[in-house]
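# Breakdown of the fold
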Amino acid sequence: MINFTARFATKAEQDKWDDLVPSNPDGGNVLQSASFAEVKSHHGWKPRFLVFESAQYSSYNLVLEKSFPVLGRLWYLIKGPGAAEPAHVPAMLDALKDFTAASRLNVFAVKIEPDIVDSPEVRQLFTAAGLHKTFDLQPNDHTALLDTTPESNQLLRNLSSRGRNAVRRALREGVEVRRVEPTEENFSIMYRLMAHIEDRSAARLRSFEYYSRFWGNFAAAGQGRLYFVYEDGEPSVGAFIINYGSKGTYKDGGSKPGRSQYGDSHLLQWTAINDLKDEFAIREYDFCGTPPADRLKDTSHPHHGLGLFKTSFSKTVTDFTGCWDLALNEKKYRLWTTVGERVARQIYWRRHQQPFY
């Protein structure tokens, strides 16, 4: 049996937040970073910095907060809580209940999203703890993860034959990959490349302002970089890559249709992975979003093509447990789930033409 307490982070802890989050038992997540917290502060959310403490370890978690008339506050522990094992999550939530009640924070519900691999046992554990399964929010709740600890030659051999052959052919044929400066001009080019993906997928882009702030924040923090592939002197493939703690993440990508260079996207990823291995000794690379494992071969899934590309590097899909809700006020939570959430999302979309979450 493990017991936790919960509290807000001190100013000193907030100042070194990006050193603390990667020390979590799960290695932290880029969406818990200070850079991402600052982005969300411009899009309707109030960042809170929450610490769970036990005799064994501490866990540092970003909370995104929104307030609503009548209901009170909704907390979203994005990609958290960071727990050493699934059984610790209910204990953390008990501490959170005590903390919010004692501090009179008027939180009516908490949305959690721990990076814990899904299983019937985890679902049973969370359900028994009073959590309600809800729809998933982040693309990497189902994702391809690549173990980057082998040396480069062995890592290349570990890829699927399709991915390995694409990288080798692109190298042989002289495909040009460049890391480019994080300027507004290059951000504009990247955004246009992403718009091509939107034309042929179910994805919907956020505003250029959102992406520009996101990319700029991570680049300024030394945690993000932009790569282009060039064809006929013009960028034809782009990717924004993040290094955070011991993890790399393929956050955003885009490309022109009808390209003639085979393996260009594969070589870009291969270049970024090796750069992050060399510079930051990353141990894992997250391709950030695929269909669920049981739908990987389903051609009707909107991310079918992306899944095929990403699993040419990592041969399997990891399904995390996704989003769960904890009701701190049952009456208000029922009102939220039956009416409030739907209305809030519709109003936010009409006002901003952007996703609520």
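Owing to the predicted nature of the structure, the values given are computational and were not obtained by experimental measurement.

What follows covers the nonpolar core. Core analysis: the biggest nonpolar cluster contains 47 residues, and Phe36, Phe68, Phe214, Trp215, Phe228, Trp336 and Phe356 have the highest contact counts within it. Filtering out sequence-adjacent residues up to four positions away, phenylalanine 36 remains in contact with Val30, Leu31, Leu62, Leu64, Ile78, Tyr210, Phe214 and Phe218. Phe52, Phe99, Val107 and Leu326 belong to the second largest nonpolar core, which has 27 residues in total.

Turning to a nonpolar patch on the surface, a few remarks are in order. Judged by side-chain polarity, Val70, Leu335, Val339, Val343 and Ile347 come together as a nonpolar surface patch covering roughly 390 Å² of accessible area. Among the secondary structure elements, leucine 335 is positioned in helix 12 (residues 330–352). By relative accessible area, which is 42% here, leucine 335 ends up partly exposed.

Moving on, we get to the environment of glutamate 279. Position of glutamate 279 among the secondary structure elements: in helix 10 (residues 264–280). Looking at glutamate 279, the relative accessible area reads 45%, which means it is partly exposed. Through-space distance from the C-alpha of glutamate 279 to that of asparagine 243 is 9.6 Å; in sequence the pair is 36 residues apart. Once residues within four sequence positions are removed from consideration, glutamate 279 is found in contact with Arg179 and Arg225. Polar contacts involving the side chain of glutamate 279 include one to the side chain of arginine 225, which spans 2.9 Å.

It is worth spelling out the sheet that holds strand 4 (residues 72–77) at this point. Spatial strand order, 1-2-3-4-5-15-6: seven strands in an open sheet with mixed pairing. Of all strands in the sheet, those bounded by a partner on one side alone are strand 1 (5–8) and strand 6 (131–133). For this sheet the average axis-to-axis angle between neighbouring strands, irrespective of direction, equals 30 degrees. For strand 4 and strand 5 (residues 107–112), the ladder comprises five bridges, and the chain directions are parallel.

Basis of the calculations
- All residue numbers refer to positions counted from 1 along the written sequence of the respective chain.
- Under the rules for a predicted model, residues below a pLDDT of 70 receive no local features and side-chain atom pairs below 80 are neither given nor counted, while totals for whole chains, interfaces and linings still include all residues.
- The side-chain numbers reported here are obtained from all heavy atoms of the structure, hydrogens and water having been left aside.
- The criterion is simple. A nonpolar core is a set of buried Ala, Val, Leu, Ile, Met, Phe, Trp, Tyr and Cys residues joined through side-chain atoms within 4.5 Å.
- Only protein chains enter the accessibility calculation, which uses a 1.4 Å probe. A residue is then buried if its area is under 20% of the maximum for its type, exposed if over 50%, and partly exposed in between.
- In what follows, a contact means two residues having at least one pair of non-hydrogen atoms within 4.5 Å.
- Each patch is built from salt-bridge-free residues with over 30% relative accessible area, joining like charges within 9 Å and nonpolar side chains (Val, Leu, Ile, Met, Phe, Trp, Tyr) within 5 Å.
- Calculation of accessible area relied on Shrake-Rupley with a 1.4 Å probe; when residues are assessed, cover is drawn exclusively from the protein chains displayed.
- Salt bridge, as used here: a side-chain nitrogen of Lys or Arg that lies within 4 Å of a carboxyl oxygen of Asp or Glu.
- Helix numbering and strand numbering both begin at the N terminus, where a helix is a DSSP run of H or I of at least 4 residues and a strand a DSSP run of E of at least 2.
- Counting of polar contacts relies on pairs of N or O atoms within 3.5 Å, with two restrictions inside protein: one atom must be capable of donating a hydrogen and the other of accepting it, and residues adjacent in sequence are counted only when both atoms are side-chain atoms.
- Strand pairing is defined by DSSP finding a minimum of two bridges between the two strands.
- Here an angle of 0 to 180 degrees is reported between the N-to-C directions of two axes, which are lines fitted to C-alpha atoms, with helices fitted over the stretch in contact.

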